[in-house]
Amino acid sequence: MNARGAAIAELERRIGHVFADRDLLELALTHASVGKGARKVSDNERMEFLGDRVLNLIVAEHLIAALPEASEGELSKLMARLVNYHACAEAARAVGLPEALRLDASATKVGARDNDRVLGDACEALIAALYREGGLDAARRFVTEFWADKFANLDAPGKDPKTMLQEWAMARGLALPAYALVKQEGPSHEPRFTIEVRVAGVEPQTAVAGSKRDAEKDAAQKMLDRQMLDRQLPDSPENPS
């Protein structure tokens, strides 16, 4: 067995699932850089798209069950904290994905094998592969195990919404969020600032607060919340339309 074959076997041991469909697993582990040569090779980008939705559903289910008194806003903040490419990259490293990934030599040379975005996408593709072969239960077992520490620390302080929005935009190759003062109202001792945040290709969001900083944070949170609400789980054999 070669080094990558051994790494794949170790990955399956860690996740507790040996794939019957080897092509499905190979697809989940194939980075887009492999298909840039003369020979067309299928990669994991479509799998990552599906896995992202499956992960969101599983995390949402967990939060609803674990925090019955939490408001929608509180749940949305926790979702943004638990579902991002940094969190997925942590899980990817825990299961040995870096060694199992199929990458072009040039991508490996520039450090893609240890890049959080690459690993985060691969982790979501792996979740999609588990979902397609073993259904929602198989995907849920994976997330329950490798998000366990995060689920156990839901009350720990989270990141600032502006930081989370910046990371969200960077993970998708978008320009960094831009904040603009729309208007300032009220007396000097009790001002009200209206701030708008923009990210290319995303609906702008505005917020009003007593300081520019608070208004920026609230606008960033609104945009994060909007993205969470816009996500839907695709149809599947277990979830027919």
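Residues numbered from 1 in each chain as written. Predicted model: local features only at pLDDT ≥ 70, side-chain atom pairs only at ≥ 80, totals over all residues. Heavy atoms only, no water.

Undergrad: It is not clear to me how the overall build of the protein chain should be interpreted in this structure. Could you clarify?
TA: Within the protein chain, the regular secondary structure consists of eleven helices and three strands. Starting at the N terminus, the α and β elements of the protein chain follow one another as α-α-α-α-α-α-α-α-α-α-β-β-β-α. Considered along the principal axes of its C-alpha atoms, the protein chain spans approximately 75 × 45 × 35 Å. By residue count, 44% of the 241 residues in the protein chain fall in the buried class. The positive charge centre, built from 32 side chains, and the negative charge centre, built from 38, are 5 Å apart in the protein chain. (Helix = DSSP H or I, 4+ residues; strand = E, 2+ residues; numbered from the N terminus. Buried < 20%, exposed > 50% of the residue type's maximum accessible area, 1.4 Å probe, protein only. Lys, Arg positive; Asp, Glu negative; His and termini not counted. Charge placed at Lys NZ, Arg CZ, Asp CG, Glu CD.)

Undergrad: Got a minute to help me understand the pattern of salt bridges in this structure?
TA: Any two side chains of opposite charge can pair, so long as their charged atoms come close to each other. Tallying each qualifying case throughout the model produces 15 salt bridges. The residue Arg22 makes a salt bridge to Glu12 at a minimum N-O spacing of 2.6 Å. Of the two residues, Arg22 sits in helix α2 (residues 22-28) while Glu12 sits in helix α1 (residues 3-15), which places them ten residues apart along the sequence. Assessed through its relative accessible area of 40%, Arg22 is described here as partly exposed. Judged by relative accessible area, which is 6%, Glu12 ranks as buried. Between Glu61 and Arg140 there is a salt bridge, and its shortest N-O distance comes to 3.0 Å. Separated by 79 residues along the polypeptide, Glu61 in helix α3 (residues 45-66) and Arg140 in helix α8 (residues 116-146) bring together distant segments of the chain. Residue classification places Glu61 among the partly exposed residues on the basis of a relative accessible area of 33%. (Salt bridge = Lys/Arg side-chain N within 4 Å of Asp/Glu carboxyl O.)

Undergrad: Explain the nonpolar core here, please?
TA: One recurring pattern in soluble globular proteins is that nonpolar side chains are buried together. Core analysis: the largest hydrophobic core is formed by 53 residues, its most contacted members being Phe142 and Trp147. Within the residue set of this core, elements represented by two or more residues are α1, α2, α3, α4 (72-82), α5 (85-95), α6 (97-100) and α8. For this core, the element with the most residues is α8, which contributes 17 residues. Setting aside anything within four residues of it in sequence, one finds Trp147 in contact with Leu55, Leu82, Ala87, Cys88, Ala91, Cys123, Ile127 and Phe142. In terms of nonpolar packing, the next biggest core, distinct from the first, is built from 13 residues, Met164, Ala169, Val199 and Val202 among them. (Core = buried A, V, L, I, M, F, W, Y, C linked by side-chain atoms within 4.5 Å. Contact = heavy atoms within 4.5 Å.)

Undergrad: Whenever I open this one, the environment of Asn56 confuses me. Can you help?
TA: Turning to its location among the elements, Asn56 is positioned in helix α3. As a C-alpha pair, Asn56 and Glu99 span 43 residues in sequence and 26 Å in three-dimensional space. Only 2.8 Å separates the side chain of Asn56 from the backbone oxygen of Asp52, close enough to count as a polar contact. (Polar contact = N/O pair within 3.5 Å; in protein donor to acceptor, adjacent residues only side chain to side chain.)

Undergrad: When you look at the sheet that holds strand β3 (residues 205-209) in this model, what are you seeing that I'm missing?
TA: The strands making up a sheet associate through hydrogen bonds between their backbones, and the pairing can be parallel or antiparallel. Here three strands make up an open sheet; going across it, the order is β1-β2-β3 and the pairing antiparallel. If you trace the sheet from one side to the other, it starts and ends with β1 (178-185) and β3, each paired once. In this sheet, adjacent strand axes meet at a mean angle of 20 degrees when their direction is disregarded. For β1 and strand β2 (residues 192-198), the ladder comprises seven bridges, and the chain directions are antiparallel. Considered in β2, the bridge of Glu185 is made with Arg192. (Pairing = 2+ DSSP bridges. Axes fitted to C-alpha atoms, helices over the stretch in contact; angles between N-to-C directions.)

Undergrad: Whenever I open this one, the pairing of β3 confuses me. Can you help?
TA: Here is the key point about a regular strand: its side chains alternate between the two faces of the sheet. Judged by which residues are buried, β3 turns out to be one-sided: Gln205, Ala207 and Ala209 face inward and are buried, whereas Thr206 and Val208, on the alternate face, are not. With five bridges joining them, β2 and β3 adopt antiparallel strand pairing. Residue pairing across strands places Ile195 opposite Ala207, the latter belonging to β3. What sits between the antiparallel neighbours β2 and β3 is a turn of six residues, in which Gly201 has the positive phi angle 85 degrees.

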